[in-house]
Amino acid sequence: MSDKAARIKELIEMQKKFIEYEHEHGFDPKAYFYGHSGTLLDGYRDNFMEKAMELVDIAHAEKGSHR
């Protein structure tokens, strides 16, 4: 599996887990932005953004462009 496909798969899995968590616990914007230690949301936003930006870098490399 290519790096790009692996990153996409990771992001989709993260989204699925987030949706499950949201259905079980509801959505709390404070928890999303600041996280609660020991929960799925602890570092979720930063981790998701990091992986998404890695995907952006891969796409730029494929096209020979930069951000």
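See the structure shown above.
Predicted, not measured: the structure shown is a model, and the values here were computed from it.

Time to look at the side chain of Lys51. By the element assignment, Lys51 lies in helix H3 (residues 44-63). Among the polar contacts listed, one links the side chain of Lys51 to the side chain of Glu10, at a separation of 2.9 Å. Once residues within four sequence positions are removed from consideration, Lys51 is found in contact with Arg7, Glu10, Leu11 and Met14.

What follows concerns the packing of aromatic side chains. Applying the stated criterion to the full structure yields seven aromatic pairs. Ring geometry for Phe18 against Phe27: centres 6.3 Å apart, planes inclined by 70°, an arrangement best described as edge-to-face. Judged by relative accessible area, Phe27 falls into the partly exposed class, the value being 44%. Between Phe18 and Tyr44, the aromatic rings sit 5.2 Å apart at their centres with planes inclined by 25°, giving stacked as the arrangement. Within this pair, whereas Phe18 is found in helix H1 (residues 3-25), its partner Tyr44 is found in helix H3, the two being separated by 26 residues in sequence.

What follows is about H1. Residues lying three or four places apart along an α-helix face the same way, a consequence of the helix completing one turn every 3.6 residues. Taking 1.5 Å as the rise per residue, H1 with 23 residues should run 33 Å; its terminal C-alpha atoms sit 32 Å apart, in good agreement. Among the residues making up H1, those that are buried are Leu11, Met14, Phe18 and Tyr21. Buried residues in H1 make contact with helix H2 (29-34) and H3. With its phi angle positive at about 80°, Gly26 sits one or two positions after the end of H1.

Now for the nonpolar core. One finds Met14, Phe18, Tyr21, Ala31, Leu41 and Tyr44 forming the largest nonpolar core, which totals six residues. For this core, the leading source of residues is H1, giving three residues. The contact partners of Ala31, leaving out residues within four places of it in the chain, are His36 and Leu41.

The rules behind each value
- Residues numbered from 1 in each chain as written.
- Predicted model: local features only at pLDDT ≥ 70, side-chain atom pairs only at ≥ 80, totals over all residues.
- Heavy atoms only, no water.
- Helix = DSSP H or I, 4+ residues; strand = E, 2+ residues; numbered from the N terminus.
- Polar contact = N/O pair within 3.5 Å; in protein donor to acceptor, adjacent residues only side chain to side chain.
- Contact = heavy atoms within 4.5 Å.
- Phe/Tyr/Trp six-rings, centres within 6.5 Å; stacked < 30°, edge-to-face > 60°.
- Buried < 20%, exposed > 50% of the residue type's maximum accessible area, 1.4 Å probe, protein only.
- Expected span 1.5 Å × (residues − 1).
- Core = buried A, V, L, I, M, F, W, Y, C linked by side-chain atoms within 4.5 Å.

These figures come from the coordinates and say nothing about function on their own.
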